[in-house]
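Residues per chain, in single letters:
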Amino acid sequence: MSASAVKTTCPYCGVGCGVNLSSRASNRVVPPVSGDKSHPANFGRLCVKGSSLAETITPKGRLLQPMINNKTVTWEAATDAISAKIKQVTEEFGPDAFAFYLSGQILTEDYYVANKLAKGFIGTANVDTNSRLCMASAVVGYKRAFGSDTVPCSYEDLELCDLLIMVGSNAAWTHPVLFQRISAAKAKRPDMKIVVIDPRRTATCDIADLHLSLKPGTDAAIFSYLLQDSAHEHLLDAEFVCTHTEGFDQALAQAEQSTPTLEATADFCGLAADSLLQLRDWWRSTPKTVTFYSQGVNQSSSGVDKCNAIINCHLATGRLGKVGAGPFSITGQPNAMGGREVGGLANQLAAHMDFATPGAIDLVQRFWQAPNMATENGLKAVDMFNAIEAGDIKVLWIMATNPMVSLPNTAQVKRALEKCELVIVSDYKMGTDTSAFADILLPATGWSEKDGTVTNSERRLSRQRGLLPPAGEAKHDWQAICDVATKLGFGEAFNFKGPHEIFAEHAALSGFENDGKRDFDISAFESITKQEYDALVPVQWPVNKANPQGTARMFTDKRFFTPSGKARFVPITPALPKQLPNDEYPFTLNTGRVRDQWHTMTRTGDAASLSRHLAQPFIEIHPEDAQSQGIKDKTLVKVFSPYGRALLKAKVTDAVAKGSVFVPIHWTQQFSNASIVSALIPSEVDPLSGQPESKHARVTLEPF
Ligand code: SF4
């Protein structure tokens, strides 16, 4: 037997840890993986999910051959059927009768060709992704403020700041290696202050100096108050605000009106005034502040405003573009950022350009030599599934995601998938809740076989390297897309010989007529060879002539990507969640992750060791609520919302506030016969980002 090894990247969260993977090539046996000490995201650390990756490389449940209506077919037959149906519906009903629903799990190269095929060649912008559920609000927040979707910070800023405000994040469980890095920094410098803003008392609070258990959804008010307090206390960076920003006066006036006093703000947020006072005093006295925010901010019907309330405070006090300072959105998925970079959202075009970016449609059309350019935004995830149910989208290609479990209002998603004329599902596994609705199943390569790049939350591109050959007849997603593109008559534009050629084209587009006008620029790689691609070391974009070694921190030059070159303040009115509790549904449901599972457990469910932490789904209920409802710890509870029901085991705990309950997102009907929590969630979305309000539903409880 011969052994081989590669350095690759973990397929789970947005931390993007480097992983050493080795195998006995002759029998696919993979020894335990280890952390890559040379990778700047983790320096050798791994969390328990990453450490258990070898256990998940198993033939169990793999989809090995294409299938049409549950019968095994050849790739030729499957791609013939797909291309014929796409041709038929687009000729008959127009290009918008087709849609891709993609995933932050696929690689940048997969995303790039899907986006190119749909937006340049079929002519539809109906390309959306499960990243819509994760960080779409953060994208719009950055764009409103900076004119671009630019994450300003680096992970090292989390270690170098003096005040870290963690909002809507249980990083201890969701981004464990970042949490390890923060914990180590705090142990080394105990004076570093950590504040957690979260309705729940989570494991992240274990290292916090202060936990603000606010009323669900009220986060924006805290930052609105900090903005007006900073102004009144003369703590503004006046030179920065005057010279490099616009819209401050309007934002301040709105903040003064919305959150006039500390007491009014504390009351709105359901906080004790002295806890808000403590945060205010630390904010006043600590220039090196990072605000770290995640799904608790984004998954809200006012998620974009929450992001801008945070960014406003950093702009007003000049806390960005500096070491240890900045508003830092942390993405959930391993390649949500790569998807953003290629334009893999329905309201993006390509290379961080939007349809509304002046000249962008023409530029991309010329670069791609595209015959059928889409010219306006497509449908975002929730609207896309509504359009499918309405019969407007007739062919849906789902890739590496499980919307039957992850999208809100499961009953509606089911109706849409049943109505759709052709559902194609590309996955490495059989038997997901979504693949039950597939007319055509395409076997995809999985982690350890896939080959390409991902981008983590600090803009760092890393290679995912394939070590094992594809299982069965599995193909890389980009290959399946190129096969279909060729059968649609676009072979010349999709004649890629490997992921390095796709990456090179993506890099060339990022630099095409750029001249520093656009933030995303990796043109240093536009002529990358296969050897160079294979040897690519992790690097933070932009990577171009001006920054050949990459860029750790953005906006150090105080120049932004707005037409004026100035950052923009946004006036914010803090808003409550759309569907508040009422007499019929008196509890607020919050959702989130547990430490050792990932998404809908398609991969982590295969690692027995990962079930030791929490083996079953549960609902956290405050002791007083449990008593008033006659619910005992560890007994079954019926949970009803206006949209669905679930049966869950009670975990009585004061980690949740009275009136709130919490349920993890992972367990599914197909794998574990469990209730799907998203069945309880309404389809309320942020009007700007289209991100569902997955952190808020109203429910009622009954003992079983
Ligand atoms: Fe993987 Fe995230 Fe854990 Fe790192 S922290 S090993 S990227 S799951």
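How each quantity is defined
- Residues numbered from 1 in each chain as written.
- Predicted model: local features only at pLDDT ≥ 70, side-chain atom pairs only at ≥ 80, totals over all residues.
- Helix = DSSP H or I, 4+ residues; strand = E, 2+ residues; numbered from the N terminus.
- Contact = placed C-beta atoms within 7 Å.
- Axes fitted to C-alpha atoms, helices over the stretch in contact; angles between N-to-C directions.
- Parallel < 35°, antiparallel > 145°, perpendicular 65-115°, else oblique.
- Left-handed = near helix turned anticlockwise from the far one by under 90°.
- Nonpolar A, V, L, I, M, F, W, Y, C, P; charged D, E, K, R; others polar.
- Near = placed C-beta within 6 Å.
- Domains from an automatic or database assignment.
- Buried ≥ 20, exposed ≤ 12 C-beta atoms within 10 Å, placed from the backbone.
- Pairing = 2+ DSSP bridges.
- Expected span 1.5 Å × (residues − 1).
- pLDDT = per-residue confidence, 0-100.
- Core = buried A, V, L, I, M, F, W, Y, C linked by C-beta atoms within 7 Å.

Engineer: Is there a simple way to think about the overall build of the protein in this case?
Structural biologist: Helix and strand content of the protein: 24 helices and 26 strands. Structurally, the protein occupies a C-alpha span of about 65 × 65 × 55 Å along its principal axes. A sequence separation of at least 24 residues applies to 74% of the contacts in the protein between residues at least 6 apart.

Engineer: What exactly am I supposed to notice about the packing of helix α8 (residues 219-232) against helix α10 (residues 248-258) here?
Structural biologist: The axes of two packed helices give the description: the angle between them and the distance between them. Direction vectors running N to C along α8 and α10 enclose 115 degrees, while the axes themselves pass 8 Å from each other. Classed by the angle they form, the pair α8 and α10 counts as roughly perpendicular. Classified by chirality, the crossing of α10 by α8 is left-handed. Note on element contacts: α10 touches α8 through Ala-251, Leu-252, Ala-255, Glu-256 and Ser-258, opposite Ala-221, Ser-224, Leu-227, Gln-228 and Ala-231. Looking at the contact of α8 with α10 residue by residue, the classes come out as six nonpolar, three polar and one charged.

Engineer: Got a minute to help me understand the site of the ligand in this structure?
Structural biologist: Around the ligand there are 14 residues in total, and Cys-10, Cys-13, Cys-17, Cys-47 and Gly-50 lie nearest to it. Taken together, the residues that form the shell around the ligand break down as nine nonpolar, four polar and one charged. Structurally, the shell around the ligand is a two-domain feature, drawing no fewer than three residues from each of domain 1 (3-56) and domain 3 (136-332 + 564-568).

Engineer: What's the story with the pairing of strand β17 (residues 452-455) in this structure? I'm lost.
Structural biologist: Regular strands show a simple pattern: their side chains alternate between the two faces of the sheet. Of the two faces of β17, the one holding Gly-452 and Val-454 and the one holding Thr-453 and Thr-455 are both buried throughout. Counted between consecutive antiparallel strands, the loop separating β17 from strand β18 (residues 460-464) contains four residues, among which Arg-459 sits at a positive phi close to 70 degrees.

Engineer: How should the domain arrangement of the protein be read in this particular structure?
Structural biologist: It is common to report an interface's size as the accessible area lost on association of the parts. Along its sequence, the protein is carved into domain 1 (3-56), domain 2 (67-125 + 345-456 + 460-498), domain 3 (136-332 + 564-568) and domain 4 (587-681). For domain 1 and domain 3, the distance between their C-alpha centres works out to 33 Å. Taken together, the contact between domain 1 and domain 3 spans nine residues of the former and 10 residues of the latter. Taken together, the residues that form the side of domain 1 that touches domain 3 break down as six nonpolar, two polar and one charged.

Engineer: So what exactly am I meant to see when it comes to helix α7 (residues 176-188) here?
Structural biologist: It helps to recall that an α-helix has 3.6 residues per turn; residues three or four apart then point in one direction. In a regular helix each residue adds 1.5 Å, so 13 residues correspond to 18 Å; α7 covers 18 Å between its end C-alpha atoms and thus fits that length. Among the residues making up α7, those that are buried are Pro-176, Val-177, Leu-178, Phe-179, Arg-181 and Ile-182. Taken together, the buried residues of α7 touch α5 (155-160), β8 (163-167) and α6 (171-174).

Engineer: When you look at the environment of Val-304 in this model, what are you seeing that I'm missing?
Structural biologist: Take Val-304: it is sitting in helix α14 (residues 303-316). Given 29 C-beta atoms within 10 Å, Val-304 falls into the buried group. Each C-alpha atom of the pair Val-304 and Pro-687 lies 8.9 Å from the other, and the pair is 383 residues apart in sequence. Not counting residues up to four positions away in its chain, the partners in contact with Val-304 are Ser-137, Val-140, Gly-141, Asp-686, Leu-688 and Ser-689.

Engineer: I keep staring at the sheet that holds strand β19 (residues 539-540) and nothing clicks. Help me out?
Structural biologist: By definition, the strands of a sheet pair up through backbone hydrogen bonds, in either a parallel or an antiparallel sense. An order of β17-β18-β19 is seen for the three strands of this open sheet, with the pairing classed as antiparallel. The sheet terminates laterally at β17 and β19, the two strands that pair on one side only. Summarising the sheet, β17 and β18 pair through four bridges and their orientation is antiparallel. Bridging from a neighbouring strand, Thr-453 pairs with Arg-463 of β18.

Engineer: So what exactly am I meant to see when it comes to the sheet that holds strand β12 (residues 289-293) here?
Structural biologist: As summarised here, the arrangement of the five strands in space is β10-β9-β8-β12-β13, forming an open sheet in which the pairing is parallel. Two strands close off the open sheet at either side, each with one partner strand: β10 (210-212) and β13 (326-329). Taken over all neighbouring pairs, the strand axes of this sheet differ in orientation by 15 degrees on average, direction set aside. The sheet contact formed by β12 and β13 spans four bridges and is parallel. Bridge pairing links Phe-292 to Phe-328 in β13.

Engineer: Can you walk me through the packing of helix α2 (residues 75-93) against helix α20 (residues 477-490) in this structure?
Structural biologist: At a closest axis distance of 9 Å, the pairing of α2 and α20 adopts a crossing angle of 55 degrees. Classified by the angle between their axes, α2 and α20 sit oblique to one another. Judged by the sense of rotation from one axis to the other, the crossing of α2 with α20 is right-handed. Together, Trp-75, Thr-79, Asp-80, Ile-82, Ser-83, Ile-86 and Lys-87 of α2 and Asp-483, Val-484, Lys-487 and Leu-488 of α20 make up the contact between the two elements. Looking at the contact of α2 with α20 residue by residue, the class counts come to five nonpolar, two polar and four charged.

Engineer: Looking at this model, I keep getting lost on the environment of Asp-191. Mind explaining?
Structural biologist: Take Asp-191: it is sitting in the loop between α7 and β9 (193-197). Judged by local crowding, Asp-191 falls into the exposed class, with 7 C-beta atoms found within 10 Å. On a C-alpha basis, the gap between Asp-191 and Ser-689 in space is 37 Å, while along the polypeptide they are 498 residues apart.

Engineer: Would you take a moment to explain the confidence of the model for the protein for this structure?
Structural biologist: It should be kept in mind that the predicted coordinates are not to be read in detail where pLDDT is low. Looking at the protein as a whole, its pLDDT mean stands at 95, while 98% of the residues score no less than 70. This complex was scored by the predictor with a pTM of 0.96 and an ipTM of 1.00.

Engineer: Even after reading the chapter, I still don't get helix α17 (residues 381-389), so can you show me in this structure?
Structural biologist: All of the buried residues along α17 are Ala-381, Val-382, Met-384, Phe-385, Ala-387 and Ile-388. Buried residues along α17 sit in contact with β6 (98-102), β7 (127-129), β14 (395-399) and α19 (410-419). Positive backbone phi, at 90 degrees, marks Gly-391, one or two positions downstream of α17.

Engineer: How should the nonpolar core be read in this particular structure?
Structural biologist: One recurring pattern in soluble globular proteins is that nonpolar side chains are buried together. The biggest cluster of nonpolar side chains holds 214 residues, and the ones touching the most others in it are Leu-164, Met-166, Leu-396 and Leu-680. Once residues within four sequence positions are removed from consideration, Leu-164 is found in contact with Leu-158, Ile-182, Met-192, Ile-194, Val-290 and Phe-292.

Engineer: Mind showing me how you'd approach unusual backbone geometry here?
Structural biologist: Most peptide bonds adopt trans geometry, and most residues besides glycine take a negative phi value. Cis geometry is adopted by the peptide bond preceding Pro-542, which originates at Trp-541 and carries an omega value of 0 degrees. Of note, Pro-542 is situated in the loop between β19 and β20 (567-568). Positive phi is not limited to glycine here, since Ala-351 has a value of about 45 degrees. The topology assignment puts Ala-351 in the loop between α15 (336-342) and α16 (360-368). On the neighbour-count criterion, Ala-351 (28 C-beta atoms within 10 Å) is buried. Here Ala-400, not a glycine, exhibits a phi torsion of approximately 60 degrees, which is positive. As for its position among the elements, Ala-400 is in the loop between β14 and α18 (403-406). For Ala-400, a count of 25 C-beta atoms within 10 Å corresponds to the buried category.

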